[in-house]
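# Summary of the model geometry
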Amino acid sequence: MKILGISFGSKNGANDSMCKEALMGAQELGAEVKFVHILDWDIKNCTGCVACSRSLVTGKGNLCSLKDDLEELLELILDADGIIMSTPVFEKGATGLFHTLNDRLGPRADKGMNIIGMKIAEEHGGKPIDPRWIKDKVISFMSIGGSDWGTGAQVDCAMLALPWAWKVVENKVFQWSKKILMDDSKIAEAHELGKNLAAAAADIEKARWIGPEGMCPHCHCNNFNIEPGSKKVVCCLCGIEGTLVDDGDRFSFVYPEARLQLAHDTLPGKFKHAEDIKELEGSFMEFVKTDKYKTLMNKYKTYIEPLTPQNRH
Ligand SMILES: Cc1cc2nc3c(=O)[nH]c(=O)nc-3n(C[C@H](O)[C@H](O)[C@H](O)COP(=O)(O)O)c2cc1C
């Protein structure tokens with residue numbers, strides 16, 4: 001079984017150490033381990049060209065228009081049975097590079113989109129999609145903050161697993177990074193996380209979340225969007241809509257059973273999302289043909305030139 005560790009931290013910093021400690025734990029259970037220090041890799045920002053989703057739905061395969069090291073990294077990701085990611089906490093959440101990787105793989109790795117793309121390619125003789133894109137996989141996250149400001153970290157991490165519909169086994173936050181190597185219990189936690197991930201990877205069908213119960217009973221996310229002036233709350237990760245109920249000493253999140261069907265980490269939820277986007281794309285393609293669109297585009301294009309570093313005055 002292959003376990004890939006990816007650290008988003010500085011060279012030989014707390015994230016590298018904790019990620020390597022987790023890999024040692026996984027190795028103890030017989031895993032073949034590999035380690036990536038992602039700052040060594042050239043991963044460009046997503047430009048939003050949507051070539052990835054367009055190619056999937058037009059039977060042209062799974063691709064990206066940018067040329068950098070992502071394809072090499074993808075070979076490691078697609079090949080792994082389990083992944084351990086460790087990210088520093090930046091501005092209370094995961095780092096910019098973590099988000100960049102997520103942007104680059106969000107639409108492109110979406111399990112629903114890949115299943116749709118496979119079907120289209122098969123029916124219309126298009127470019128086949130590597131089946132590893134929809135392979136079941138397990139992942140555990142560690143986010144390591146320099147302080148105790150990290151309320152966005154877990155949701156950012158779990159978001160990376162959501163397009164792929166990978167099973168998240170653990171999603172831990174560590175505080176006060178400079179103290180971590182002085183604390184054997186933190187090192188032991190990382191070691192254990194690696195072992196747990198390897199055990200889950202060895203039997204992916206039975207793999208399950210083993211972290212503490214979260215506020216959202218479905219995805220264990222603790223971050224919610226509360227609609228002002230109402231009792232409506234939306235889970236920031238899986239998107240389930242419901243209400244918070246006061247149980248006296250705690251709140252619980254309740255939602256109608258039917259809402260589960262639309263959760264963003266389920267295949268029905270992903271197919272519904274793909275349908276919504278298809279409908280919107282269709283109406284936009286019609287709008288593009290109208291004079292109103294042409295007038296608006298002319299207004300914005302001719303209004304002001306964007307500044308560049310060479311011509312900023
Ligand atoms: C740009 C930047 C933003 C940061 N924001 C936070 C933060 O919001 N909360 C926090 O706990 N630590 C924050 N930190 C501290 C980092 O989380 C800490 O330096 C990191 O865990 C070190 O990891 P490393 O040793 O693997 O590089 C920030 C650090 C940087 C450089």
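The paragraphs below set out a description of the structure included in this document. The structure displayed is predicted, hence computed values, not measured ones.

## Some words on the overall build of the chain
- Across its full length, the chain holds ten helices and nine strands.
- Its C-alpha atoms give the chain a radius of gyration of 21 Å, near enough to 20 Å, the size a compact globule of 313 residues would have.
- For the C-alpha atoms alone, the extent of the chain along its principal axes is close to 65 × 55 × 50 Å.
- Out of the 313 residues belonging to the chain, those deemed buried represent 39%.

## Digging into the environment of Glu 192
- Residue position: Glu 192 is located in helix 8 (residues 184-202).
- Taking the C-alpha atoms as reference points, Glu 192 and Gly 25, 167 residues apart in sequence, are found 6.2 Å from one another.

## What to know about the site of the ligand
- Around the ligand lies a shell of 17 residues, among which Gly 9, Gly 13, Asn 15, Gly 145 and Gly 146 are the nearest.
- Split into classes, the residues belonging to the shell around the ligand amount to six nonpolar, nine polar and two charged.

## A closer look at the environment of Asp 156
- Note on placement: Asp 156 falls in helix 6 (residues 153-161).
- As for Asp 156 and Phe 98, which are separated by 58 residues in sequence, their C-alpha atoms are 8.6 Å apart.
- Aside from chain neighbours lying at most four places away, what touches Asp 156 is Gly 93, Ala 94 and Phe 98.

## Quick look at helix 5 (residues 111-123)
- Over its 13 residues, helix 5 runs 18 Å from end to end, which matches the ideal 18 Å to within 8%, given 1.5 Å per residue.
- Taken together, the buried positions of helix 5 are Lys 111, Gly 112, Met 113, Asn 114, Ile 116, Gly 117, Met 118 and Ala 121.
- Elements in contact with the buried residues of helix 5: helix 2 (51-57), helix 4 (96-109) and helix 9 (267-288).
- Looking one or two places after helix 5, you find Gly 125, whose phi comes out positive at around 65°.

## Quick look at the nonpolar core
- Within the largest apolar cluster, 64 residues are counted, with the highest numbers of intra-cluster contacts made by Ile 3, Ala 158, Leu 197 and Leu 237.
- The element that contributes the greatest number of residues to this core is helix 8, accounting for seven residues.
- Apart from residues no more than four positions distant in its own chain, Ile 3 is found in contact with Leu 23, Ala 26, Ala 31, Val 33, Ala 80, Asp 81, Gly 82, Ile 84, Leu 197, Ala 198 and Ala 201.

## Quick word on the sheet that holds strand 3 (residues 82-88)
- On the basis of which strands lie adjacent, the open sheet formed by five strands has the order 2-1-3-4-5 and parallel pairing. The open sheet has two edge strands, strand 2 (32-37) and strand 5 (167-174), and neither has a second partner. For this sheet, the mean inter-axis angle between neighbouring strands, taken without regard to orientation, is 15°.
- With seven bridges connecting them, strand 4 (residues 138-144) and strand 5 associate as parallel partners. Its bridge partner being in strand 5, Ser 140 is matched across the sheet by Glu 170.

## Description of the sheet that holds strand 9 (residues 251-254)
- An order of 6-7-8-9 is seen for the four strands of this open sheet, with the pairing classed as antiparallel. Each edge of the open sheet is held by one strand with a lone partner, namely strand 6 (224-226) and strand 9. Each adjacent strand pair in this sheet contributes to an overall mean axis angle of 40°, direction not counted.
- Taken together, the three bridges between strand 7 (residues 232-235) and strand 8 (residues 241-246) define a ladder with antiparallel strand orientation. Within strand 8, the residue paired with Val 234 across the bridge is Glu 241.

## Focus: unusual backbone geometry
- If you check the backbone angles, Asn 12 has positive phi at about 60° while not being a glycine.
- Among the secondary structure elements, Asn 12 is positioned in the loop between strand 1 (2-7) and helix 1 (14-28).
- Assessed through the 11 C-beta atoms surrounding it within 10 Å, Asn 12 is described here as exposed.

What counts, and at which threshold
- Per-chain numbering applies: the sequence of each chain, read as written, is numbered from 1 onward.
- Note on the predicted model: pLDDT of at least 70 is required for a residue's local features to be given, and 80 or more for side-chain atom pairs to be given and counted; whole-chain, interface and lining totals, by contrast, use all residues.
- In DSSP terms, a helix is any run of H or I states spanning at least four residues, a strand is any run of E spanning at least two, and both are numbered starting from the N terminus.
- Atoms counted for the radius of gyration: C-alpha only. Globule rule: 2.2 Å times the number of residues to the power 0.38.
- In this scheme every C-beta is placed from the backbone, and a residue whose C-beta has 20 or more other C-beta atoms within 10 Å is buried, one with 12 or fewer is exposed, and one in between is partly exposed.
- Each residue gets a C-beta atom placed from its backbone. If that atom is within 6 Å of a molecule or strand, the residue is near it.
- Charged means Asp, Glu, Lys or Arg here, nonpolar means Ala, Val, Leu, Ile, Met, Phe, Trp, Tyr, Cys or Pro, and polar covers whatever is left, Gly included.
- Two residues qualify as being in contact provided that their C-beta atoms, derived from the backbone, are within 7 Å of each other.
- Given a helix with a known number of residues, its expected span is that number minus one, times 1.5 Å.
- A set of buried residues qualifies as a nonpolar core if it consists of Ala, Val, Leu, Ile, Met, Phe, Trp, Tyr and Cys joined through C-beta atoms within 7 Å.
- In this analysis, strands are considered paired if DSSP registers two or more bridges between them.
- Lines fitted to C-alpha atoms define the axes, with helix axes restricted to the stretch in contact, and inter-axis angles between N-to-C directions lie between 0 and 180 degrees.

Worth remembering: the numbers are spatial, not functional.
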